[in-house]
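The residues making up each chain are set out below.
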Amino acid sequence: MSASGGTKAIVAALGANLAIAVAKFVAFLFSGSSSMLAESVHSLADSGNQGLLLLGGKRAQREATPQHPFGYGRERYIYAFLVSIVLFSVGGMFAVYEGYEKIRHPHELEAWYWPVGVLVFAIIAEGFSFRTAIKESNESRGSLSWTDFIRRAKAPELPVVLLEDFGALIGLVLALGGVGLALGTGNGVWDGIGTLCIGILLIAIALVLAAETKSLLLGEAAGTDQVEKIKAAVVDGDTVTGIIHMRTLHLGPEELLVAAKIAVQHDDTADEVANAINAAESRIRAAVPIARVIYLEPDIYNAAAAAAGINPAKAPGGAPATPDPEAATTPGPEAPEPGAADPDDTASGDTASGDTAPGDTASDDTPPGDTGKPTESGH
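Residues numbered from 1 in each chain as written. Predicted model: local features only at pLDDT ≥ 70, side-chain atom pairs only at ≥ 80, totals over all residues. Heavy atoms only, no water.

Caption draft 1: Quick peek at the overall build of the chain. The helix and strand tally for the chain stands at ten helices and three strands. Along the chain, from the amino end to the carboxyl end, the secondary structure elements read α-α-α-α-α-α-α-α-β-β-α-β-α. A fraction of 74% describes how many contacts in the chain between residues 6 or more apart in sequence connect residues 24 or more apart. Only carbon and sulfur atoms are counted for the fraction: they give 62% of the accessible area of the chain, which is about 17,900 Å². (Helix = DSSP H or I, 4+ residues; strand = E, 2+ residues; numbered from the N terminus. Contact = heavy atoms within 4.5 Å. Areas by Shrake-Rupley, 256 points an atom, 1.4 Å probe, with all protein chains shown as cover.)

Caption draft 2: Geometry of the sheet that holds strand β1 (residues 240-252). The sheet built from three strands is open, its strands ordered β1-β2-β3 with mixed pairing. Lying at the two open borders of the sheet, with one neighbouring strand each, are β1 and β3 (291-300). Each adjacent strand pair in this sheet contributes to an overall mean axis angle of 15°, direction not counted. Note that β1 and strand β2 (residues 255-264) share ten bridges and pair antiparallel. (Pairing = 2+ DSSP bridges. Axes fitted to C-alpha atoms, helices over the stretch in contact; angles between N-to-C directions.)

Caption draft 3: Broad picture of helix α4 (residues 113-141). Between its first and last C-alpha, α4 extends 40 Å over 29 residues, near the 42 Å set by a 1.5 Å rise per residue. Looking at the residues trailing α4, positive phi occurs at G142, about 65°. (Expected span 1.5 Å × (residues − 1).)

Caption draft 4: Seen up close, the nonpolar core. By size, the foremost hydrophobic cluster in this structure holds 40 residues, and its most contacted members are L53 and V161. Put simply, the parts of the chain that give this core at least two residues each are α1 (7-31), α2 (34-59), α3 (75-104), α4, α5 (146-152), α6 (157-185) and α7 (189-218). For this core, the element with the most residues is α6, which contributes ten residues. Excluding anything up to four places from it in sequence, V161 contacts A9, I10, A13, L53 and A133. Ranked by size, the runner-up nonpolar core spans 24 residues in total, among them V234, L256, V288 and I294. (Core = buried A, V, L, I, M, F, W, Y, C linked by side-chain atoms within 4.5 Å. Buried < 20%, exposed > 50% of the residue type's maximum accessible area, 1.4 Å probe, protein only.)

Caption draft 5: Focus on the environment of T147. Its place among the elements puts T147 in helix α5. Here the alpha-carbon distance between T147 and P159, two residues twelve residues apart in the chain, equals 9.8 Å.

Caption draft 6: Main features of the environment of G99. In this fold, G99 is placed in helix α3. Judged by relative accessible area, G99 falls into the buried class, the value being 0%. Once the C-alpha coordinates of G99 and D191 are considered, the two residues, 92 residues apart in sequence, prove to be 7.7 Å apart. In this structure, G99 is in contact with G192, T195 and L196, ignoring residues within four places of it in sequence.

Caption draft 7: Representation of the packing of helix α8 (residues 224-234) against helix α9 (residues 270-287). In the contact formed by α8 and α9, the axes pass within 8 Å of each other and the chain directions differ by 150°. Taken together, the axes of α8 and α9 are roughly antiparallel relative to one another. The element α8 and its partner α9 pack so that their crossing is right-handed. Mapping the contact onto sequence places K229, I230, A233 and V234 in α8 and A280, R283, I284 and A287 in α9. (Parallel < 35°, antiparallel > 145°, perpendicular 65-115°, else oblique. Left-handed = near helix turned anticlockwise from the far one by under 90°.)

Caption draft 8: Representation of the confidence of the model for the chain. When the pLDDT values of the chain are averaged, the result is 78; 78% of them are 70 or greater. Note that pLDDT drops below 50 for residues 316-379; the model gives that stretch 98 contacts with residues more than four away or on any other chain. (pLDDT = per-residue confidence, 0-100.)

Caption draft 9: The arrangement of α7 in detail. For α7, spanning 30 residues, the distance from its first C-alpha to its last is 44 Å, which sits close to the expected 44 Å at 1.5 Å a residue. After α7 finishes, the residue G219 shows a positive phi value of roughly 110°.

Caption draft 10: Quick peek at the pairing of β1. Most of β1 sits out of view: ten of its 13 residues are buried. What sits between β1 and β2 in their antiparallel hairpin is a turn of two residues.

Caption draft 11: Focus on the packing of aromatic side chains. Tallied over the full model, the rule gives four aromatic pairs. Centre to centre, the rings of F130 and F166 are 6.4 Å apart; their planes meet at 45°, and the pair counts as tilted. Here F130 is found in helix α4, whereas its partner F166 is found in helix α6, with 36 residues between them in sequence. Between W146 and F149, the ring centres sit 6.1 Å apart and the planes meet at 90°, which makes this aromatic pair edge-to-face. Here the residue W146 and the residue F149 both occupy positions in helix α5, the gap between them amounting to three residues, near one helical turn. For F149, a relative accessible area of 5% corresponds to the buried category. A cation over an aromatic ring shows up here: R62 above the ring of Y72, its NZ or CZ 3.9 Å from the ring centre. (Phe/Tyr/Trp six-rings, centres within 6.5 Å; stacked < 30°, edge-to-face > 60°. Lys NZ or Arg CZ within 6 Å of the ring centre and 35° of its normal.)

Caption draft 12: Spotlight on the pairing of β3. Among the ten residues in β3, nine count as buried, and that is most of the element. For β2 and β3, the ladder comprises nine bridges, and the chain directions are parallel. Residue L256 lies in a different strand from β3, and its bridge partner there is A291. Read as a crossover between parallel neighbours, the route from β2 over α9 to β3 is right-handed. (Right-handed = clockwise from strand over helix to strand, strands pointing away.)

And the structure:
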């Protein structure tokens, strides 16, 4: 796992949670506090979650295979999604059940100094872990707010650790409040209410993590700033005159796929087009280093067809051009320029064909045996 994956934050959280889980369970045995039992299970679940994140980061580093030609980078998303499931089931649902049972059958706390002392220790330990996660996140967060960082981060580990530590600190405060009220009033129901609140908090955090990780699993495009850098790098104004349309996809947190149809001059030779594609790939990698898999397909941009609305896919960026009002009265569509691409070529089914110009190859990261040329779409 790269440094951006927050390995330091994960290890710090793992050590803190293991120590806290043992301390909380000891406090539960001496006091009988349901808040302590729920918190000990919560910390144990968090420890398992950090183990899952480390395992996912390790497995994601495996080399690409013929069966998985784009590698295993998305395993980090899969294990992060498993974390949300564990947090929901083991942490949240168990705490809700314990809180409900304690409210129905309350009892006084015994040896109250055990849970209070452990909770104070746990707050200090979780605060250290949370501070480490914040420090690691600030290195990649930039000017983004914390909400935007959690929603836009492509590496799932730091958002997971941040939300877990934040939830743990709030849960500890709730547990301390429940224990304190139970001691002050002599009514053990408050301990159950604190436990119930902890469960609801954990379920809410688990749902947020599941939603964000699901988006990463489905496949997210590059960030807006990265897309703009790629667009600026592709066009050189000489051989490559524009981008007809482009798609990006994260194959993993630090690996980006770029596929684009680029406009070239109609009188360029195959050798000139091939050299232009190779140069464009080099410029893209220099501008966005995580762009490791690149497919560029040359085409002739038909300005007349795009302006008339005959083939919106020929508009730069793939955006439909505004149709010419007079085009509706024209008996038939204007014939494309000699050498132009097929006007029926649309953005949705327009993929690189096997007839692309020499030099239109994939990146150097393409697995052995893969020619790097995308095949004709099946739809």
